[in-house]
Amino acid sequence: MNTKVWKVDKYVDKLESNPHIVDAAQFLRENEVVALPTETVYGLGGNAESDAAVAKIFAAKGRPGDNPLIIHIADKSQLDRFVTEVPAKAEALIAAFWPGPLTIIFKMKPGVLSEKATAGLDTVAVRMPDHPVALALFKQSGLPIAAPSANSSGKPSPTTAAHVMDDLNGKIAAVLDGGATGVGVESTVVDCTEEVPVILRPGGVSREQLEAAIGEVLVDPGLTNVKEATRPKAPGMKYRHYAPNAPLYLVSGTRGFLQSLVAEKQREGLRVGVLTTEEYQDEFTADVVLACGSRAQLETVAAALYDTLRKFNQMEVEIIFSEIFPTSGVGLAIMNRLQKAAGNKVITE
Ligand code: TXA
Ligand code: MG
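Everything quoted here is computed from the prediction, not taken from an experiment.

**Q** What's the story with the sheet that holds strand β15 (residues 319–322) in this structure? I'm lost.
**A** For sheets, the rule is that strands pair by backbone hydrogen bonds, running either parallel or antiparallel. Taking strand neighbours across the sheet as the criterion, the 5 strands line up as β14-β13-β15-β12-β16 in an open arrangement whose pairing is parallel. Sheet topology places β14 (288–291) and β16 (346–348) at the edges, where each strand pairs with a single neighbour. The mean angle between the axes of side-by-side strands here comes to 25°, regardless of whether they run parallel or antiparallel. Each of β12 (248–252), β13 (272–276), β14 and β15 touches helix α9 (residues 298–314); the most contacted strand, β13, lies at about 170° to it.

The following block contains the structure:
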């Protein structure tokens, strides 16, 4: 398959009549799959009501079939078609955060969406992304759109159209290139089927922001406690994910300690990478030192994270040591992704 790359300027008025968006929407109606920009990461979209389209999404990504997809909408009125009820707290979250990087789990009406998209569960994850290109495409298609991140399963999620092409060129009909995404980590997934909502995946909306809107919000214990026997409730959280090719170690300790680990591995003849921030970039000596945003502003770390992990692959390092980050605000999502990328390997001084 020849994957088309279509540049779309997100600042243009009347995006819905943009010829590339019209053509991409036509692909979606024909049950082809199309990659599209959102404010978090690029998604791989397909008709959520079609088993054939959803099968193409899973095949292109090499994604395990037991990991359900997020259903994307452009208008809140689309919820009625496949959601049994919108509880009061979900209503409040929608009012506060949609469109935006928040995915809400609802109880689902059976028989509307492809069972492959929801992995046979009786709940459904829904989100309305805050990106003009995505919203115009969804409106133009007239469909609910199932869209996981547009990476090969296990790889870091894509934050540019070039990342999408690195993974999926030849496997999908088209990519709408709307430039780099902004948030950089995926949406927060919050389960609103329980009385007290539970964060199943930390993301672009922080726990603090959710609690300011609706009061107490829990965090799935399977996420934060790596030794806990309980499995995470979002099926996707149990897989190794976001991983660069080289083994990644998170280092809890001083910069001097991290530097001593680098020196030790270099003595063994390895090509060593360091994931640090603008603040400390000049303090490390290694084969590859990459600054992932600024520690003073964790949003910039989130925005640069996946691109940084992918750059280590291009630079062919054999081992990577990373700083760790505070878990306040978007830091919870950053540390969740880094821990998964590292397969929970942490070295403590
Ligand atoms: O920011 C995002 O959310 C991006 C963009 C493209 O919208 N999408 C994304 O999708 O990250 P994906 O498929 O990579 O991650 C979806 C996550 C998985 O961890 C999955 O297990 C969880 O949402 N999920 C989906 N449906 C669920 C459900 N009914 N119950 C629990 N978790 C669910
Ligand atoms: Mg993903």
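Following the structure, the description resumes.
**Q** Sorry if this is basic, but what is going on with the sheet that holds strand β6 (residues 123–127) here?
**A** Across the sheet, which stays open at both edges, the 11 strands sit in the order β1-β8-β2-β3-β7-β4-β6-β5-β9-β10-β11 with mixed pairing between neighbours. Looking at strand neighbours, the two that pair on one side only are β1 (4–7) and β11 (218–219), the edges of this open sheet. By the bridge criterion, 2 bridges tie strand β2 (residues 34–36) to strand β8 (residues 174–177) in an arrangement that is parallel. Along β8, the bridge assignment pairs Val34 with Ala174.

**Q** Got a minute to help me understand the nonpolar core in this structure?
**A** Nonpolar side chains tend to gather and get buried jointly when the protein is soluble and globular. Core analysis: the largest hydrophobic core is formed by 104 residues, its most contacted members being Trp98, Ile104 and Phe106. Among the elements that make up this core, the one with the highest residue count is α9 (7 residues). Two domains each put at least three residues into this core: domain 1 (4–223) and domain 2 (248–348). If you look at the next biggest cluster of nonpolar residues, it comprises 11 residues, including Val251, Phe257, Val272 and Ala286.

**Q** Hey, could you run me through the pairing of β8 in this one?
**A** The side chains of a regular strand alternate between both faces of the sheet. Alternating residues of β8 divide into Ala174 and Leu176 and Val175 and Asp177, and every residue in both groups is buried. Pairing between β1 and β8: 4 bridges, direction parallel. Paired with Trp6 across the bridge in β8 is Leu176.

**Q** Mind showing me how you'd approach the domain arrangement of the chain here?
**A** Domain parsing of the chain yields domain 1 (4–223) and domain 2 (248–348). Each of domain 1 and domain 2 was reduced to a C-alpha centroid, and the two centroids are 29 Å apart. Facing 22 residues of domain 1, the contacting portion of domain 2 comprises 15 residues. Between domain 1 and domain 2, the buried area comes to about 1,500 Å², and carbon and sulfur atoms account for 55% of it. Per-residue buried area on domain 1 facing domain 2 is highest for Pro156, Val185 and Pro202; these three make up 35% of the total on that side. In this structure, the connection of domain 1 to domain 2 is made through 2 salt bridges. Residues Arg337 and Glu186 are paired through a salt bridge, measuring 3.0 Å at the closest nitrogen-oxygen approach. Looking at the side of domain 1 that touches domain 2 element by element, the count peaks at 3 residues for helix α5 (residues 161–168). Among the residues forming the side of domain 1 that touches domain 2, the class breakdown is 7 nonpolar, 9 polar and 6 charged.

**Q** Quick question: what am I supposed to make of the site of ligand 1 here?
**A** Every one of the 28 residues lining ligand 1 counts as a neighbour, but Thr40, Asn67, His72, Ser187 and Gly236 are closest to it. With respect to ligand 1, the side chain of Arg63 contributes an N or O atom lying 2.8 Å from an oxygen atom. Contact between ligand 1 and Thr123: a nitrogen atom at 3.0 Å from a side-chain N or O atom of the residue. Look at ligand 1: alone it shows 690 Å² of surface, and the protein chains cover 97% of it. Judged by the fraction of its atoms near the pocket grid, ligand 1 is located in the largest pocket. Sorting the residues of the shell around ligand 1 by element identifies β4 (70–72), β6 and β10 (198–201) as the ones contributing at least two each. The element contributing the most residues to the shell around ligand 1 is β6, with 4 residues.

**Q** Can you walk me through empty space enclosed by the protein in this structure?
**A** Evaluated as defined, the whole model comprises 1 cavity of 30 Å³ or more. Reported here for the largest cavity is a volume of approximately 40 Å³. Forming the boundary of the largest cavity are Ile199, Pro202, Gly203, Val205, Ser206, Arg207, Gly329, Leu332 and Ala333. Of the residues belonging to the lining of the largest cavity, the class tally is 5 nonpolar, 3 polar and 1 charged. Composition of the lining of the largest cavity by domain shows at least three residues from each of domain 1 (4–223) and domain 2 (248–348).

**Q** What's the story with the environment of Gly142 in this structure? I'm lost.
**A** Position of Gly142 relative to the elements: it lies in the loop between α4 (132–141) and β7 (145–146). Under the relative-accessibility criterion, Gly142 is labelled exposed at 57%. Each C-alpha atom of the pair Gly142 and Gln78 lies 9.6 Å from the other, and the pair is 64 residues apart in sequence.

**Q** Can you help me understand the packing of α9 against helix α10 (residues 331–341) in this one?
**A** Close contact between α9 and α10 brings their axes to 9 Å; oriented N to C, the two are set at 20°. Relative to α10, the element α9 lies roughly parallel. Here α9 and α10 pass one another in a crossing that is left-handed. Only Gly331, Ile334, Arg337, Leu338 and Ala341 of α10 make contact with α9, whose side of the interface consists of Leu298, Val301, Ala302, Leu305, Tyr306 and Leu309. Taken together, the residues of the contact of α9 with α10 sort by class into 9 nonpolar, 1 polar and 1 charged.

Calculation notes
- Residues numbered from 1 in each chain as written.
- Chains lettered and ligands numbered in written order.
- Predicted model: local features only at pLDDT ≥ 70, side-chain atom pairs only at ≥ 80, totals over all residues.
- Heavy atoms only, no water.
- Pairing = 2+ DSSP bridges.
- Helix = DSSP H or I, 4+ residues; strand = E, 2+ residues; numbered from the N terminus.
- Axes fitted to C-alpha atoms, helices over the stretch in contact; angles between N-to-C directions.
- Contact = heavy atoms within 4.5 Å.
- Core = buried A, V, L, I, M, F, W, Y, C linked by side-chain atoms within 4.5 Å.
- Buried < 20%, exposed > 50% of the residue type's maximum accessible area, 1.4 Å probe, protein only.
- Domains from an automatic or database assignment.
- Buried area = accessible area lost by both parts, 1.4 Å probe.
- Salt bridge = Lys/Arg side-chain N within 4 Å of Asp/Glu carboxyl O.
- Nonpolar A, V, L, I, M, F, W, Y, C, P; charged D, E, K, R; others polar.
- Near = heavy atom within 4 Å.
- Polar contact = N/O pair within 3.5 Å; in protein donor to acceptor, adjacent residues only side chain to side chain.
- Areas by Shrake-Rupley, 256 points an atom, 1.4 Å probe, with all protein chains shown as cover.
- 1 Å grid on protein atoms, 1.4 Å probe; cavity = no way out; pocket = protein on both sides within 12 Å on 5 of 7 lines; lining within 4 Å.
- Sits in = over half its atoms within 2 Å of the grid points.
- Points joined across faces, edges and corners; volume = space filled by probe spheres on them.
- Parallel < 35°, antiparallel > 145°, perpendicular 65-115°, else oblique.
- Left-handed = near helix turned anticlockwise from the far one by under 90°.

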